[in-house]
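Analysis of the macromolecular model
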Amino acid sequence: MPYAKLTIGLPSAVWIGELSRAFPGTTFRVLSAVPSGDAGFGLLEIESEEMPAVLDGLEDRPGVGSLELMQRSGDTAIVQFETTEPLLLLSIQQSGAPIELPLTIRDGQAIIELTASRDRLSEFGRQLETFGMSYTLNRVYDASDPPDLLTPQQRTLLVTAVEMGYYDTPRESTLTDVAEEVDLAKSTASVTLHRAEERVVKEFVAERLDVTFDESPRATAE
């Protein structure tokens, strides 16, 4: 069954889109969400260095019917909310496509991951467009057969470099040592290792920091 990761542009008219753009350095994570008729209920985790202003802004949003602060610790807070503008929730509900929570929102963009049939994915895209939300399909593949991030040669070289202490501080081995260990020319090892590092770093940034690249990391033949 296909797995997809999308970046959705939230309209400024939607309260969470407007609020996240007003505080671009703030991360919002929807921990749970339940659409009910024309309303929606959920838990929202907020990470911000401007927490008092963000909470005030959230409380003042017209689309937020009720709000309760459940927990706060430093720059992190969890709030329970009700919204009368659950456009994203309604589009998900009407498409029948289950999403994976938490759903991360930052600076007007929502990162969504879901596993569903291609028909449901297509319907999800149509529902987003119906509600005036643009989206970018970052990646899609069969969840039972995800693409390899690295080629076998890149994987072997990277693992060898780690095991030999190439990435330790201070380093326990040199590039020449690693190249000799896997029987490669130093120049070949350098290029191969750099490409492996590039893919691993970009994958980490995309997955952990929710940064979208024009092209998803893919393994190619050396």
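Note that the structure is a prediction, hence the values are computed from the model and not measured.

So, on to the nonpolar core. Ranked by internal contacts, the top residues of the largest apolar core, which has 33 residues, are Ile-8, Leu-44, Ile-46 and Leu-88. At 4 residues, the largest contribution of residues to this core is made by helix H2 (residues 51-60). In this structure Leu-88 touches Ile-8, Leu-10, Leu-103, Ala-110, Ile-112, Leu-128 and Met-133, once residues within four positions along its chain are discounted.

Following the criterion strictly, the structure yields 5 salt bridges and no others. Salt-bridge contacts for Glu-123 lead to Arg-126; the nearest nitrogen and oxygen are separated by 3.0 Å. Of this pair, Glu-123 and Arg-126 both sit in helix H4 (residues 118-130), 3 residues apart, roughly one helical turn. Given the relative accessible area of 22%, Glu-123 is considered partly exposed. Between Glu-198 and Lys-202 there is a salt bridge whose closest N-O contact spans 3.0 Å. Of this pair, Glu-198 and Lys-202 are both found in helix H7 (residues 186-208), 4 residues apart, which corresponds to roughly one turn of the helix. Look at Glu-198 and you get partly exposed, because its relative accessible area is 34%. With relative accessibility at 30%, the residue Lys-202 sits in the partly exposed group.

Here the focus is H4. Helix length check: H4 (13 residues) gives 18 Å between terminal C-alpha atoms against 18 Å at 1.5 Å per residue, within 8%. Where H4 is concerned, the buried positions are Leu-121, Phe-124, Gly-125, Gln-127 and Leu-128. Take H4 and look down its axis: the buried residues cluster within an arc of 160°, on one side only. Opposite its buried face, H4 presents the exposed residues Asp-119, Glu-129 and Thr-130, each directed more than 90 degrees away.

Taken as a whole, the chain shows an average pLDDT of 83; of its residues, 85% reach a score of 70 or greater. No element of the chain has a lower mean pLDDT than helix H3 (residues 87-95), which averages 69, and none a higher one than helix H6 (residues 175-181), which averages 94. Ignoring residues within four places in sequence, the model shows residues 215-222, a span with pLDDT below 50, making 23 contacts including any to other chains.

Before going further, it helps to spend a moment on a nonpolar patch on the surface. Where nonpolar side chains cluster on the molecular surface, the patch consists of Tyr-135, Leu-137 and Val-140 and spans about 230 Å² of accessible area. With respect to the helices and strands, Tyr-135 occurs in strand E8 (residues 134-142).

Attention shifts here to the pairing of strand E4 (residues 64-73). Looking at chain direction, E4 and strand E5 (residues 76-83) are connected through 8 bridges and run antiparallel. Residue pairing across strands places Ser-66 opposite Glu-82, the latter belonging to E5. Connecting E4 to the antiparallel partner E5 that follows it, the hairpin turn spans 2 residues, and Gly-74 within it adopts a positive phi of roughly 60°.

It is worth spelling out the environment of Thr-156 at this point. Considering the arrangement of structural elements, one finds Thr-156 in helix H5 (residues 152-163). On the basis of relative accessibility, which here comes to 46%, the residue Thr-156 falls in the partly exposed class. The spatial distance from the C-alpha of Thr-156 to the C-alpha of Leu-193 is 9.7 Å, given a sequence separation of 37 residues.

Parameters at a glance
Residues numbered from 1 in each chain as written. Predicted model: local features only at pLDDT ≥ 70, side-chain atom pairs only at ≥ 80, totals over all residues. Heavy atoms only, no water. Core = buried A, V, L, I, M, F, W, Y, C linked by side-chain atoms within 4.5 Å. Buried < 20%, exposed > 50% of the residue type's maximum accessible area, 1.4 Å probe, protein only. Helix = DSSP H or I, 4+ residues; strand = E, 2+ residues; numbered from the N terminus. Contact = heavy atoms within 4.5 Å. Salt bridge = Lys/Arg side-chain N within 4 Å of Asp/Glu carboxyl O. Expected span 1.5 Å × (residues − 1). Arc of directions from axis to C-beta. pLDDT = per-residue confidence, 0-100. Patch = residues over 30% accessible without salt bridge, like charges linked within 9 Å, V, L, I, M, F, W, Y side chains within 5 Å. Areas by Shrake-Rupley, 256 points an atom, 1.4 Å probe, with all protein chains shown as cover. Pairing = 2+ DSSP bridges.

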